[in-house]
Amino acid sequence: MHPFRPIAFAVLCLTFAASGFAQYTPMTYRTLTVPDGLPQSYVSGIVQDPQGFMWIGTRDGLARYDGRQFKVFRHDGDDSTTLASNITRKLTLDRDGLLWIGYEEGELDILNTRTEEIIHCSAEVPYAALKHSIKMDGPIVQDRSGKHWMLSKDGALFVVDLHEKQLTRHTATSLFPQFDEHYITGLARVGDDMLLMLDRSMAYINGDMQVRERVMFDFANNRLYNPTVDWKDTSPLVRSNGDMLFADQGRLVFFEKAKAAFTVFRLPVKQYFIMPRLLMGKDENIIVAYRNYSYYFYRATNQLVLVDTMASNQYVKTALCVDRSGVLWEGSNGFGIRQFDVYLRHMPSQAYQIDFPFEVLHHLGIAQEAVDRTFLRGINAYFFRWVNGRDGQIWMAKAGEDSVRTPNLLRYHDGILRQEHFVYHNLSPQPNQGIDALAVDPGGDLWGLDHRFRLIRFDEATDTATVYPPLALGYLKDRFNEINGMVADGDNTFWICSARGLIRYHLRTGSVAHFIEDKRAVHLLAIQQDPRDPDILWLGTYSDGLIRFDKRTGSYRFFKARDGLPNHTVYTIIPDARGVLWCSSNKGIFSFNPETYQVHGYIPQGNTPLVECNRFHCFVFPDGKLLFGGTGVYTRFAPSDMRDDHFEPNTALTGIFINNKPAHYGNPEFPLDRPINALQRLRVPYHQNFLSFEFAALQFNAPEKLQYRYKLEGFDTDWVLAGNKNVATYTGVPPGEYTLLINASNTSGKWSSHIKELPIIITPPFWKTWWFITLSVLASGILVFLLVRQQLRAIRKKDQARMAYERETMELEARALRSQMNPHFVFNCLSSIKSLIQQGEKRAAVAYLTTFSKLIRNQLSNTQKEISLQEELDTCLLYVQLEALRFGDKLSCLFEADPHVNLAALKVPPLIIQPFVENAIVHGILPKAGNGSVAITVQQQGDNVVCRIDDNGIGREQAALLKSKRKARHESKGTLLATHRLKLHNTLSRHNIDITIDDKLDENRLAAGTCVSLLFKLQP
């Protein structure tokens, strides 16, 4: 893209017209040619699609432009999905986003601008009659029902119905049999009706082809059809009020609807006829491009004005388009494209004729002869000082340390430059020097500051220049003493901007104060009073941006690149009539709103852009225009022309790179099922997760000023600011679902509300997919289950073997215990019989022996593991009878059983109760003085049966004491063995028999016997 070039072109604000007639002012433009990527320099058509892309037809293919690069579509004889030809003749975009492409050879294609799919319309059977018959320079107009109307070369009308795939041909005779008309020469849509231009008249018809109105041509040479120029098109541009303008051979014809009157405007006569190109903007002003001329047909006056003439007669303007951002596109016949920003005015950069002071004086209208008579002749721009005074006066001075006898001071007013003859009145002994700073106080008095930091008051009434003593800071030869500006307050307080920082000086008191010395930014370049707040100063710095300084508090705030400044160097600060500050920097010009802090940057464009500005190279003209300069070039503009940009551009996705390879639609290597910007989602495998995206904001005023930001939702936590860089790159993105968001700002830095979104799915490897993980978990679970089950079976089998062994062991042990019980019991019984015999009680011994024999027979028969409780009680009864025979009246026994208890059904170990009965008798009753009793009761308590052995003997504590004193030859083990047997029984039978032994006490808390309770659980 070539840089901006200034030309003498009217400000054609087609989209946003100002009141009044077009003014001839220099206007800049850009050019797009083959080196920029345009496929060919002959441009046959330019349109903008709904997304914002620009489509450009050439004689070597079709190009789509996004503001940065071209995407070229060409014919390929081996690929039927490509263009029908490379030589385009006409481009028309309908309201459905379909691009109709007419070719030199007569073919007609339809391209879907979103999907980029191409239909070879004239090659399909229903529309075959269009080939070679359609008037390629004529319009294609879509009616209210969606049908497309177009003209034929022989003066007929084609109507294409894409939905029904039908083509209908109408002639003027068939449509208007009542008229003496044979040819249709143009057409346009007017509201819901269609307007057909005939040979000698025009007719308004509805969708049913019924005539609503006919208007006869009453101008001279009113025949429009020319059989020798079959490509001539007289289709009009129709305004909302019904007025219209159409082109005819060598002329333009205007029809004013309200007056039903025609006006003819003659065009320059040329050797051969070329159809003018007409373009109407939203304001209904019309541009006419004819050969190398441009005309402006203004709606308010209906006058045709020539506004541009290209120097070369070979230059022909072949296409016109105004895009939605306000850029006028002009195609040519071999010179590429020119772009004019008719909405946003650009600052033009121009080369100095001589230098900066010369341009200032030249634009002020001062003759060089007048300049040569003053100190301004050949002045170095860095020594040029000025200040606006009262009543439109401008004071100019020369700075520097050269000694002078009279002040170098000039006054400019009403176009006259006059040397002022002030006489120095020195209050300081040093020689007078140049004036390094000028200021006008609120009262209108002029003040200066010389190179020695001495204030100078200029009294216009007496022509006296009073020089005050130097500021108390002193004048040191070994220090940098550059003075860069001064502001005068009304109380004889002066604020001085210098290499030493900001200095405040009170003339009356002589006090001096320094500010911002604690910061690095002590070298100030510019100072300006806030236009609205007298307590605020604005300071420009060498490397720290813009400073807002509060005079009252001494506080300050820095504004830098993070706040929108294009550069940290601020050379000059000038307020405009609106109070906006205009500043120059090392990166062009920028405006700064002191109230909102909004920043807008500008780089003046021309053959040499103004990028790096210079100190002191600024000026304000009486008409409010500003001039800023750099090295070799300058810009002069009206701040009011630099309107804010409110356009909100769409952002388009223009390129995708996967693993550093460009991904294209149709490439089997990459999963793109449609063109890049039409993608609904991007799905890539895990090993293709190195992604780069190219994008472009579809605003063409100043692409270099557009800013971008992007964010990958699910990966980025915030927006990534990319500046003017239009590439987003992500490496090693893990599998998952994401959404790429792309946003762009306009030229004013405002972020657009249109955000491009692209869902991205990075599929994981199969071993990380949900189904594989699910199957793996299930398989692992099943495997673990089988292993655990097998292990449990082995453990259970081993446990069963161990338990069987233990059970067998315990049964053997139980048998051994039972075998131990028998001799113990027999020993006791024989002892009793022995005692009776020794006592001579033979009868009692016989009875005892009889009972004993019954007991032995009963015991020998109870060798099984379990017997009934009834059998156990019978055994106990026999035993008690034996003991009663032995001890006589000293022992009484009671057996009592609950009749509801089924004693025969309840199973218990054999001889489990008898040891406790024996223990009660032997250790409880017999040692007691007097008689004793033992009660054996059986009762049911819920699901349990309780057998109690209750005695009134001496108790366990006394029995144990007696036992310890007595050394018996045999130790009784009956109770201990019975308790052990109960434990074994509980283990083997897996149901518990609980035993409880309670010591009874009388009212004196003395032992009153023992109660043993055996609790048996009833079997279900």
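Parameters and conventions
Residues numbered from 1 in each chain as written. Predicted model: local features only at pLDDT ≥ 70, side-chain atom pairs only at ≥ 80, totals over all residues. Heavy atoms only, no water. Core = buried A, V, L, I, M, F, W, Y, C linked by side-chain atoms within 4.5 Å. Buried < 20%, exposed > 50% of the residue type's maximum accessible area, 1.4 Å probe, protein only. Helix = DSSP H or I, 4+ residues; strand = E, 2+ residues; numbered from the N terminus. Patch = residues over 30% accessible without salt bridge, like charges linked within 9 Å, V, L, I, M, F, W, Y side chains within 5 Å. Areas by Shrake-Rupley, 256 points an atom, 1.4 Å probe, with all protein chains shown as cover. Salt bridge = Lys/Arg side-chain N within 4 Å of Asp/Glu carboxyl O. Pairing = 2+ DSSP bridges. Polar contact = N/O pair within 3.5 Å; in protein donor to acceptor, adjacent residues only side chain to side chain. Domains from an automatic or database assignment. 1 Å grid on protein atoms, 1.4 Å probe; cavity = no way out; pocket = protein on both sides within 12 Å on 5 of 7 lines; lining within 4 Å. Points joined across faces, edges and corners; volume = space filled by probe spheres on them. Nonpolar A, V, L, I, M, F, W, Y, C, P; charged D, E, K, R; others polar. Contact = heavy atoms within 4.5 Å. pLDDT = per-residue confidence, 0-100. Disulfide = S-S within 2.5 Å. UniProt positions renumbered as here; feature names shortened; annotations may be inferred. Phe/Tyr/Trp six-rings, centres within 6.5 Å; stacked < 30°, edge-to-face > 60°. Lys NZ or Arg CZ within 6 Å of the ring centre and 35° of its normal.

You'll find the protein chain entered in an unreviewed UniProt entry as Two component regulator propeller, with Parapedobacter koreensis given as the organism.

Peer 1: I keep staring at the nonpolar core and nothing clicks. Help me out?
Peer 2: Here is a general trend for soluble globular proteins: nonpolar side chains tend to be buried in one another's company. Ranked by size, the top nonpolar core spans 40 residues in total, and within it Leu376, Phe384, Trp386, Met396, Trp582 and Phe619 carry the most contacts. By residue number, the principal contributor to this core is strand β52 (residues 613–620), which donates four residues.

Peer 1: What exactly am I supposed to notice about a nonpolar patch on the surface here?
Peer 2: Residues Tyr686, Phe766, Trp767, Trp770, Trp771, Leu775 and Leu778 make up a contiguous nonpolar surface patch of roughly 840 Å² in combined accessible area. Position of leucine 775 relative to the elements: it lies in helix α4 (residues 770–838).

Peer 1: Just to check I follow, could you spell out the pairing of strand β8 (residues 98–103) for this structure?
Peer 2: Look at any regular strand and the pattern is simple: side chains alternate between the two faces of the sheet. Along β8, six of the six residues are buried, which leaves the element largely enclosed by surrounding structure. Residues of β8 alternate between two faces, with Leu98, Trp100 and Gly102 on one and Leu99, Ile101 and Tyr103 on the opposite face, all of them buried. Bridge analysis of strand β7 (residues 88–93) against β8 gives five bridges, and the strand direction is antiparallel. Across the sheet, residue threonine 92 finds its bridge partner in β8, namely tryptophan 100. Between β7 and β8, which pair antiparallel one after the other, the connecting turn spans four residues, and glycine 97 there sits at a positive phi close to 80°. Two strands pair when backbone bridges link them, and β8 and strand β9 (residues 108–112) are joined in this way by five bridges, in the antiparallel orientation. Among the inter-strand pairings, isoleucine 101 is bridged to a residue of β9, identified as aspartate 109. Counted between consecutive antiparallel strands, the loop separating β8 from β9 contains four residues, among which glycine 106 sits at a positive phi close to 105°.

Peer 1: How should the side chain of aspartate 308 be read in this particular structure?
Peer 2: One can find aspartate 308 in strand β26 (residues 303–309). Engagement of the side chain of aspartate 308 in a polar contact is seen with the side chain of lysine 317, the distance being 2.6 Å. Within the structure, the side chain of aspartate 308 is placed 3.1 Å from the side chain of arginine 338, a separation counted as a polar contact.

Peer 1: Is there a simple way to think about the domain arrangement of the protein chain in this case?
Peer 2: Often the size quoted for an interface is simply the accessible area lost on bringing the parts together. Taken domain by domain, the protein chain holds domain 1 (19–138 + 285–343), domain 2 (144–266), domain 3 (349–641), domain 4 (651–768) and domain 5 (893–1017). Between the C-alpha centres of domain 2 and domain 5 there is a distance of 130 Å.

Peer 1: Would you take a moment to explain the layout of surface pockets for this structure?
Peer 2: Space left empty within the atom packing is revealed by a probe, the size of a water molecule, rolled over the atoms. Counted as a void, the largest pocket has a volume near 1800 Å³. As for the largest pocket, its lining consists of 49 residues, and the residues nearest its centre are Leu237, Leu278, Leu279, Met280 and Leu320. When residues of the lining of the largest pocket are traced back to their parent elements, those giving at least two are β3 (43–48), β7, β11 (140–142), β15 (184–190), β19 (237–238), β23 (277–280) and β27 (317–322). When its residues are assigned to classes, the lining of the largest pocket shows 26 nonpolar, 11 polar and 12 charged.

Peer 1: Please clarify how the sheet that holds strand β58 (residues 691–697) should be interpreted in this entry.
Peer 2: Strands in a sheet are paired, the pairing made by backbone hydrogen bonds, and the direction either parallel or antiparallel. Pairing is antiparallel across the open sheet formed by four strands, whose spatial order is β56-β55-β58-β61. Two strands bound the open sheet, and with one partner strand each, they are β56 (661–662) and β61 (727–730). When strand β55 (residues 651–658) meets β56, the two strands line up antiparallel, connected through two bridges. Paired with phenylalanine 657 across the bridge in β56 is proline 662.

Peer 1: What am I meant to see in the side chain of threonine 654 here?
Peer 2: The residue threonine 654 is located in strand β55 in this model. Exposure remark for threonine 654: the relative accessible area of 14% places this residue in the buried category. Other than its neighbours up to four places away in sequence, threonine 654 contacts Phe53, Asp66, Gln69, Ile676, Glu694, Phe695 and Ala696.

Peer 1: What is the right way to look at the confidence of the model for the protein chain in this model?
Peer 2: Interpretation of this model should avoid reading the predicted coordinates in detail wherever pLDDT is low. Predicted confidence across the protein chain gives a mean pLDDT of 87, with 90% of residues reaching 70 or more. When the criterion is pLDDT under 50, residues 6–26 qualifies, and its contacts beyond four places in sequence or with other chains add up to 63 contacts.

Peer 1: Got a minute to help me understand the state of the cysteines in this structure?
Peer 2: Working definition of a disulfide: a covalent bond connecting the sulfur atoms of two cysteines. All told, the structure shown has zero disulfides when counted by the stated rule. Not engaged in a disulfide, the cysteine cysteine 618 finds its nearest cysteine sulfur in cysteine 613; these two sulfurs lie 9.8 Å apart. Cysteine 1011 carries a free sulfur, and the closest cysteine sulfur to it, the one in cysteine 947, is 9.8 Å from it. Relative accessible area serves as the criterion here: at 10%, cysteine 1011 is assigned to the buried category.

Peer 1: Help me understand the pattern of salt bridges, please; the structure alone is not making it clear to me.
Peer 2: It is possible for side chains of opposite charge to pair when their charged atoms get near one another. This model, assessed by the stated rule, comprises 41 salt bridges. Of the charged contacts in the structure, one is a salt bridge between arginine 615 and glutamate 482, with a shortest N-O distance of 2.3 Å. Of this pair, arginine 615 sits in strand β52 while glutamate 482 is found in the loop between β39 (464–470) and β40 (483–488), placing the two residues 133 residues apart along the sequence. Of the two residues, arginine 615 and glutamate 482, both sit in the buried class. Aspartate 950 is paired through a salt bridge with lysine 1000; the nearest N and O atoms lie 2.4 Å apart. Here aspartate 950, found in strand β68 (residues 944–951), pairs with lysine 1000, found in strand β69 (residues 993–1001); they are 50 residues apart in sequence, far enough to count as distant. Given the relative accessible area of 26%, aspartate 950 is considered partly exposed. Among the residues examined, lysine 1000 registers a relative accessible area of 25% and is labelled partly exposed. One salt-bridge network, in which partners are shared between bridges, spans Arg390, Arg411, Arg418, Glu420 and Glu460.

Peer 1: Help me understand the UniProt feature "domain: Two component regulator three Y" (unreviewed entry) in the protein chain, please; the structure alone is not making it clear to me.
Peer 2: When the UniProt feature table is mapped onto this chain, "domain: Two component regulator three Y" (unreviewed entry) is found at residues 700–762. End C-alpha to end C-alpha, residues 700–762 measures 34 Å, and it is 0% helix and 48% strand.

Peer 1: Sorry if this is basic, but what is going on with empty space enclosed by the protein here?
Peer 2: Throughout the structure, instances matching the rule amount to six cavities of 30 Å³ or more. What the largest cavity holds in volume is close to 170 Å³. Residue lining of the largest cavity: 19 residues in total, with Arg345, His346, Tyr602, Lys705 and Thr747 positioned closest to the centre. A total of three residues in the lining of the largest cavity trace back to one element, the largest contributor, which is strand β51 (residues 599–602). For the lining of the largest cavity, the residue count by class is six nonpolar, seven polar and six charged.

Peer 1: Would you mind showing me how to read the environment of aspartate 999 here?
Peer 2: With respect to the helices and strands, the residue aspartate 999 is situated in strand β69. For the pair aspartate 999 and glutamate 957, spaced 42 residues apart in sequence, the C-alpha to C-alpha distance is 8.8 Å. Aspartate 999 has contacts with Arg956, Gly1009 and Thr1010, leaving out every residue within four places of it along the chain. Polar contacts involving the side chain of aspartate 999 include one to the side chain of arginine 956, which spans 2.9 Å.

Peer 1: Please explain the pairing of strand β17 (residues 201–205) as it appears in this structure.
Peer 2: For β17, a buried count of five out of five residues is recorded, marking the element as mostly surrounded by other parts of the structure. The side-chain alternation of β17 yields two buried faces, one formed by Ser201, Ala203 and Ile205 and the other by Met202 and Tyr204. Counting the residues in the hairpin turn of strand β16 (residues 193–198) and β17 gives two residues. Bridge analysis of β17 against strand β18 (residues 211–216) gives five bridges, and the strand direction is antiparallel. Bridging from a neighbouring strand, tyrosine 204 pairs with glutamate 213 of β18. Linking two consecutive strands that pair antiparallel, namely β17 and β18, is a turn of five residues; a positive phi of about 65° is found at methionine 209 within it.

Peer 1: Would you mind showing me how to read the packing of aromatic side chains here?
Peer 2: How two aromatic rings sit relative to each other is given by the distance of their centres and the angle of their planes. One pass over the full model with this rule turns up 45 aromatic pairs. Here phenylalanine 217 and phenylalanine 219 contribute two aromatic rings whose centre-to-centre distance is 5.4 Å and whose plane-to-plane angle is 35°, an arrangement assigned as tilted. For the pair formed by phenylalanine 217 and phenylalanine 219, the shared burial category is buried. Relative to phenylalanine 297, the ring of phenylalanine 254 lies with its centre 5.1 Å away and its plane at 55°, an arrangement referred to as tilted. Note that phenylalanine 254 is positioned in strand β21 (residues 251–256) and phenylalanine 297 in strand β25 (residues 293–298), a separation of 43 residues in sequence. Taken together through their ring pairs, the aromatic side chains of Phe217, Phe219, Phe246, Phe255 and Phe262 make up a single cluster. Lying across the ring of phenylalanine 53, arginine 64 places its NZ or CZ 3.9 Å from the centre. Lying over the aromatic face of phenylalanine 621, arginine 636 brings its terminal NZ or CZ to 4.7 Å of the ring centre.

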